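Coordinate inspection notes
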Amino acid sequence: MKKVALYPGSFDPITKGHVDIIKRSSNLFDKLIIGIFKNSTKSKAWFSDEEKVEMIEEILKKENINAEIKIFNGLLVDFMCKEKVNILVRGLRALSDYEYELQFTLTNKTLAKSEFETVFLTASREYLYLSSSLVKEVAQNKGNLSFFVTENVEKRMIERVESFKR
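Residues numbered from 1 in each chain as written. Predicted model: local features only at pLDDT ≥ 70, side-chain atom pairs only at ≥ 80, totals over all residues. Heavy atoms only, no water.

The next point concerns the overall build of the protein chain. Each helix and strand counted, the protein chain has six helices and five strands in total. Going residue by residue from the N terminus, the α and β elements of the protein chain occur as β-α-β-α-β-α-β-α-β-α-α. Taken against the 2.2 N^0.38 rule, which gives 15 Å for 166 residues, the C-alpha radius of gyration of the protein chain at 16 Å falls within 12% of a compact globule. Here the protein chain holds 166 residues, and 49% of them are scored as buried. In the protein chain, 75% of the contacts between residues at least 6 apart in sequence involve partners at least 24 apart. Carbon and sulfur atoms form 51% of the exposed surface of the protein chain, whose accessible area is close to 9,600 Å². (Helix = DSSP H or I, 4+ residues; strand = E, 2+ residues; numbered from the N terminus. Rg over C-alpha atoms; globule rule 2.2 N^0.38 Å. Buried < 20%, exposed > 50% of the residue type's maximum accessible area, 1.4 Å probe, protein only. Contact = heavy atoms within 4.5 Å. Areas by Shrake-Rupley, 256 points an atom, 1.4 Å probe, with all protein chains shown as cover.)

See the structure below:
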């Protein structure tokens, strides 16, 4: 059976921590799908779905990572069934992430229309503290983003902060 993995997220913006999980996942499975979902529980997105896809495509190309990008709405398990995904990849930074991810996984297992496994990858040491929310705050306060995001994402974030001032 082909191992098809999904790494879902809002990726608003994609961080170096996300890229690290994507790189590592792409080496573990036959196929990796990066799923961009519209998360209604998060505050207004900085970037459109199309902008997120463009940024991620640029990173995949530059880093020579083999993965597909797909946008989806609705329940994650419905998307997984449609795409024939049998592995869900989730990144863990801290104990608080584990509690959330366990709840997320158990809920998805209950709702699932097909069997799948969840694989938790711990964040690499340099990204243990990193989140998209933190990166947005650094950007709004004109901090150095190069530690947290790739060059293409940094450029777009600076442009976005400038557009907020207009």
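In a beta sheet, neighbouring strands pair by backbone hydrogen bonds and run either parallel or antiparallel. The strand order across the open sheet built from five strands is β3-β2-β1-β4-β5, with neighbouring strands paired in parallel fashion. On the outer flanks of this sheet lie β3 (68-72) and β5 (117-122), each paired with one strand and no other. Here the average twist between neighbouring strands, direction ignored, is 30°. With two bridges joining them, strand β1 (residues 4-9) and strand β4 (residues 87-92) adopt parallel strand pairing. Across the sheet, residue A5 finds its bridge partner in β4, namely I87. Across the face of the sheet, helix α1 (residues 16-26) comes into contact with β1, β2 (31-37), β4 and β5 while running at roughly 125° to β5. Strand contacts of helix α4 (residues 95-111): β4 and β5, with the helix running at about 165° to β4, the strand carrying the most contacts. (Pairing = 2+ DSSP bridges. Axes fitted to C-alpha atoms, helices over the stretch in contact; angles between N-to-C directions.)

Time to look at the nonpolar core. Counting residues in hydrophobic clusters, the biggest one holds 35 residues, and the most contacted among them are I14, I22, I34, I56, L60, V89 and M157. Setting aside anything within four residues of it in sequence, one finds I34 in contact with L6, Y7, F11, I22, I56, L60, A67, E68, I69 and K70. Ranked by size, the runner-up nonpolar core spans 13 residues in total, among them F72, V77, F79 and M80. (Core = buried A, V, L, I, M, F, W, Y, C linked by side-chain atoms within 4.5 Å.)

Bringing the UniProt feature "binding site: substrate" (unreviewed entry) in the protein chain into the picture now. Sites flagged by UniProt as "binding site: substrate" (unreviewed entry) map to S10, K42, L76 and R90. If you trace the backbone, S10 turns up in the loop between β1 and α1. Here S10 falls in the buried class, since its relative accessible area comes to 14%. If you trace the backbone, L76 turns up in helix α3 (residues 76-82). Excluding anything up to four places from it in sequence, L76 contacts L6, P8, L88, F104 and N108. (UniProt positions renumbered as here; feature names shortened; annotations may be inferred.)

Before going further, it helps to spend a moment on the pairing of β5. Relative to β5, β4 runs parallel, the two being bridged by six bridges. Looking at the pairing, G91 lines up with L121 of β5. Once the chain exits β4 it traverses α4 before rejoining the sheet at β5, and the crossover so formed is right-handed. (Right-handed = clockwise from strand over helix to strand, strands pointing away.)

Okay, the pattern of salt bridges next. The full count for this structure, using the stated rule, is 15 salt bridges. Between K136 and D12 there is a salt bridge, with its nearest N and O atoms 3.0 Å apart. On the criterion of sequence distance, the pair formed by K136 in helix α5 (residues 132-140) and D12 in the loop between β1 and α1 is long-range, its members being 124 residues apart. Across the salt bridge formed by R24 and D20, the nearest N and O atoms sit 2.9 Å from each other. Pair noted here: R24 and D20 are both in helix α1, with a separation of four residues, about one helical turn. For R24, a relative accessible area of 27% corresponds to the partly exposed category. (Salt bridge = Lys/Arg side-chain N within 4 Å of Asp/Glu carboxyl O.)

So, about the packing of helix α2 (residues 49-63) against helix α6 (residues 151-165). At a minimum axis distance of 9 Å, the contact between α2 and α6 shows a crossing angle of 150°. With respect to α6, the element α2 is oriented roughly antiparallel. Along the contact surface, α2 presents E51, E54, M55, E58 and I59, while α6 presents N152, V153, R156 and R160. Residue composition of the contact of α2 with α6, by class: three nonpolar, one polar and five charged. (Parallel < 35°, antiparallel > 145°, perpendicular 65-115°, else oblique. Nonpolar A, V, L, I, M, F, W, Y, C, P; charged D, E, K, R; others polar.)

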